[in-house]
Amino acid sequence: MSKKSFQNLKLLFKKKGYKFREFDVSFIGNYAPEDADWNYKDVKHLNIAHKTVHGIQAIMTDDVMCNINLQKIPFIGLEIPMPLIQYDASKNNAIYISALGPYIIIVNSLFEEFKNNQTKITTKFSIGSKGIFKILNPFIEYLLKKNNELLMQDDLPMRNRRGELRKNNHLFYKKTDNYSFEFSENIERSNVYLDKNKKN
């Protein structure tokens, strides 16, 4: 399967006349990089833990998901449909492509080990637009920052809990090198177990 990188995607849109406004959001959490990967791939939690978005899955494989997200705009209350394609460009390197009216939104989340049981996540946002629509780019940036803040408030307790379990010699099953979108729906199996190589 051919997958475009974050930079290649932007280049393709630039050839079509799109100009990009960019910003980064980064933070450090008390969990492993694979806990962030698990959270990004956990399909079921989206419609349970998050109150500002409801996802309807169209396609799901191990490393690609296509959604129509019914997204509530922060502080405005409107709910609008946003198509979303999410895939792994490489290990711990997630790409998101979406559209909001005349705006193209490309997001790249990179997560890497910072210290033992800590992870640094850097998320790069690119807002692409043409002509007069560039005027509202700062407003789109504000909405994306607020929405990201709300999503992280909901996600951090789950990530931190996994970090706590790791400190107590628990491990988490996954069938592929990265977590799988499709396998995340298989919630009837026990995916948490004790590390047999340590005294428990």
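Description of the structure in this document. All values derive from a computational prediction rather than experimental measurement.

Thresholds, definitions, all that
Residue indices follow the written sequence of each chain, beginning from 1 at its first position. Residues qualify for local features only when their pLDDT is at least 70, as the model is predicted, and side-chain atom pairs are given and counted only at 80 or more; totals for whole chains, interfaces and linings, by contrast, use all residues. Working from all heavy atoms in the structure, the side-chain values ignore hydrogens and water. Strands here are runs of E lasting at least two residues and helices are runs of H or I lasting at least four, both read from the DSSP assignment and numbered beginning at the N terminus. Our radius of gyration looks at C-alpha atoms and nothing else; its globule reference is 2.2 Å times the residue count to the power 0.38. Relative accessibility decides the category of a residue: with a 1.4 Å probe and only protein chains considered, values under 20% of the type maximum give buried, values over 50% give exposed, and everything between is partly exposed. Here the expected length of a helix is defined as 1.5 Å per residue gap, with one fewer gap than residues. Note that the bend at a residue is defined as the angle between axes fitted to the seven residues ending at it and the seven residues starting at it. As defined here, a cavity is a set of points on a 1 Å grid over the protein atoms alone where a 1.4 Å probe fits but cannot get out. A pocket is an open set with protein on both sides within 12 Å along at least five of seven lines, and residues line them when an atom is within 4 Å of a point. Grid points are joined across faces, edges and corners, and a volume is the space filled by probe spheres set on the points. Lys, Arg, Asp and Glu make up the charged group, whereas Ala, Val, Leu, Ile, Met, Phe, Trp, Tyr, Cys and Pro make up the nonpolar group; the residues left over, Gly among them, are polar. Throughout, the arc means that of the directions going from the helix axis to the C-beta atoms. In what follows, a contact means two residues having at least one pair of non-hydrogen atoms within 4.5 Å. Strand pairing follows a simple DSSP-based rule, namely that at least 2 bridges must link the two strands. Interaxial angles span 0 to 180 degrees and are taken between N-to-C directions of axes, which are lines fitted to C-alpha atoms, for helices over the stretch in contact.

### Side note on the overall build of the chain
Within the chain, the regular secondary structure consists of four helices and nine strands. Ordering the α and β elements of the chain from the N terminus gives α-β-α-α-β-β-β-β-β-β-α-β-β. Over its C-alpha atoms the chain spans a radius of gyration of 18 Å, differing by no more than 12% from the 16 Å that the globule rule assigns to 200 residues. C-alpha atoms of the chain, sized along the principal axes, occupy 65 × 35 × 30 Å. A total of 200 residues make up the chain; the buried ones form 45% of that total.

### Considerations on helix α4 (residues 137–167)
Taking 1.5 Å as the rise per residue, α4 with 31 residues should run 45 Å; its terminal C-alpha atoms sit 43 Å apart, in good agreement. The largest bend along α4 reaches roughly 35° and is located at D155, with the proline P157 sitting one to four residues downstream.

### So, empty space enclosed by the protein
Under the defined criterion, the tally for this structure stands at one cavity of 30 Å³ or more. Within this model, the largest cavity holds a volume of roughly 780 Å³. Lining of the largest cavity is provided by 38 residues; of these, N69, L84, Y96, N147 and L151 occupy positions nearest its centre. Those elements that place two or more of their residues in the lining of the largest cavity are α2 (33–41), β2 (53–60), β3 (64–72), β4 (79–90), β5 (93–100), β6 (103–115), β7 (118–129) and α4. Looking at the lining of the largest cavity, the element that brings in the most residues is α4, giving eight residues. A class-by-class count of the residues in the lining of the largest cavity yields 22 nonpolar, 13 polar and three charged.

### Notes on helix α1 (residues 6–14)
Among all positions in α1, only F6, L9 and K10 are buried. Down the axis of α1, the buried side of the element spans an arc of 95°, and every buried residue falls inside it. Contacts from the buried residues of α1 go to β1 (19–29), β4, β5, β6 and β7.

### A closer look at the sheet that holds β1
Judged by pairing direction, the sheet is antiparallel, and its seven strands sit side by side in the order β1-β7-β6-β5-β4-β3-β2 without closing on themselves. At either end of the open sheet lies a strand with only one pairing partner, and these are β1 and β2. Adjacent strand axes in the sheet meet at a mean angle of 20°, parallel and antiparallel pairs treated alike. By the bridge criterion, 11 bridges tie β1 to β7 in an arrangement that is antiparallel. What sits directly across from F20, in β7, is G128. Docked against the sheet, α4 engages β1, β2, β3, β5, β6 and β7, running at close to 20° with respect to β1.

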